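Examination of the molecular architecture
Chain by chain, the residues:
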Amino acid sequence: MTSGVKVADEVKDIYNLMKVVKTDADEKERIRLVILKIDGDIQVEKLYRAKDLDGIDDFFKFVMSLLPENECRYYLYDCHFVNQESKKEELVFMTWCPDNAQIKARMTYSSSKSALSKVFVGIKHDMQLNDPAENNRECFAEKLEKGGKKVQSLEGVPLRG
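Computed from a prediction, not measured in an experiment: that's the story for all the values here.

Criteria and thresholds
Once a new chain begins, its residue numbering starts again from 1 and follows that chain's sequence as written. Owing to the predicted nature of the model, reporting of local features is limited to residues with pLDDT of at least 70; listing and counting of side-chain atom pairs is limited to 80 or more, with chain, interface and lining totals taken over all residues. The side-chain numbers reported here are obtained from all heavy atoms of the structure, hydrogens and water having been left aside. Runs of E in the DSSP output that reach at least two residues are strands. Runs of H or I that reach at least four are helices, and both are numbered from the N terminus. Exposure categories follow from relative accessible area, calculated using a 1.4 Å probe and restricted to protein chains: below 20% of the type maximum is buried, above 50% is exposed, and the middle band is partly exposed. In the analysis that follows, any N or O atom pair within 3.5 Å is treated as a polar contact, provided that within protein one partner can donate a hydrogen and the other can accept it, and provided that, for residues neighboring in sequence, both atoms belong to side chains. Contacts between residues were defined by any pair of non-hydrogen atoms, one from each residue, lying within 4.5 Å. Take the buried Ala, Val, Leu, Ile, Met, Phe, Trp, Tyr and Cys residues and link them wherever side-chain atoms come within 4.5 Å; each set so joined is a nonpolar core. Here, a disulfide means two cysteine sulfur atoms that sit within 2.5 Å of each other. Each Phe, Tyr or Trp ring (for Trp, its six-membered ring) is paired with any other whose centre lies within 6.5 Å, and the angle between the two planes then decides the class: stacked below 30 degrees, edge-to-face above 60, tilted in between. Sitting over a ring, as applied to charges here, requires NZ of Lys or CZ of Arg to be within 6 Å of the ring centre and within 35 degrees of the ring normal.

Below, the discussion takes up unusual backbone geometry. Even without being glycine, Glu155 reaches a positive phi, approximately 55°. Position of Glu155 among the secondary structure elements: in the loop between strand E6 (151-154) and strand E7 (157-158). In this structure Glu155 comes out as buried when scored by relative accessible area, which is 12%.

This is the structure:
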């Protein structure tokens, strides 16, 4: 089931910038997080570049702190982690639909996700988040693990165990 909600062109442009990071690009201008919301269409609510994050010690905790308590959102997150193989910088598409959000909003976000999935071609990690209790580093790292390659650190912070 689809909702008929369209994806704004700005979202498409930002995704194309994020998926191909040029080696000569200014690291401070790199887009690390985009918050998307449905307001007629799917559009950018807030964008964070690396330069906007100066002074933030734990980027993962910062990202999790941005999840609204009772509203749905989509997130495109440039996640940095280390697994048994190597250092990774991969895009994560997250759908945040907390259980205490309005049912209509949860249904709209769930049914509109397919429109974004068509735009976010080739994304490696597509996560559904509903419970704030599970939004910790260890649970998130488990969702990043592909092919048994255990995540050792997330955003520069080592994992327990």
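Next, the rest of the story.
Attention now moves to the side chain of His125. Its location among the elements puts His125 in strand E5 (residues 125-129). The class of His125 is buried, set by a relative accessible area of 1%. Within the structure, His125 has its side chain in polar contact with the side chain of Glu90 (distance 2.5 Å). Setting aside chain neighbours within four positions, we find His125 in contact with Phe81, Glu90, Leu91, Val92, Phe93, Lys143, Leu144 and Lys146.

Quick look at the nonpolar core now. Ranked by size, the top nonpolar core spans 25 residues in total, and within it Leu33, Tyr77, Cys79, Val92, Met94, Phe140 and Leu144 carry the most contacts. Elements represented by at least two residues in this core include exactly strand E1 (31-39), helix H2 (59-65), strand E3 (73-83), strand E4 (87-96), E5, helix H4 (137-144) and E6. For this core, the element with the highest residue contribution is H2, accounting for 5 residues. Here Met94 is in contact with Val63, Met64, Arg73, Tyr74, Tyr75, Tyr77, Met127, Leu129 and Phe140, once residues within four sequence places are set aside. Counting residues in each nonpolar core, the second largest holds 23 residues, with Val11, Val34, Leu91 and Leu116 among its members.

Another point: the state of the cysteines. Scanning the model with the defined rule gives 0 disulfides in all. Distance from the sulfur of Cys72, which forms no disulfide, to the nearest cysteine sulfur (Cys97) is 3.6 Å. A relative accessible area of 2% means that Cys72 is categorised as buried.

What describes a pair of aromatic rings is the distance from one ring centre to the other and the angle between the planes of the rings. Here the structure, examined in full by the defined rule, presents 9 aromatic pairs. Taking the centre distance of 5.7 Å and the plane angle of 65° together, the rings of Phe59 and Tyr77 count as edge-to-face. A residue pair is termed long-range when its members are at least 10 positions apart, and Phe59 in helix H2 and Tyr77 in strand E3 qualify at 18 residues. With relative accessibility at 0%, the residue Tyr77 sits in the buried group. For the ring pair Tyr77 and Phe140, a centre distance of 5.8 Å and an interplane angle of 45° mean the geometry is tilted. In this pair, Tyr77 is assigned in strand E3 and Phe140 in helix H4, connecting sequence segments 63 residues apart. On the basis of relative accessible area, Phe140 is assigned to the buried category, the value being 3%. By way of ring pairs, the aromatic residues Tyr48, Phe59, Phe60, Phe62, Tyr77 and Phe140 are connected into one cluster. Between the NZ or CZ atom of Lys46 and the centre of the ring of Tyr48, over which it lies, the distance is 5.1 Å.

Geometric descriptors of this kind do not, in isolation, establish any biological role.
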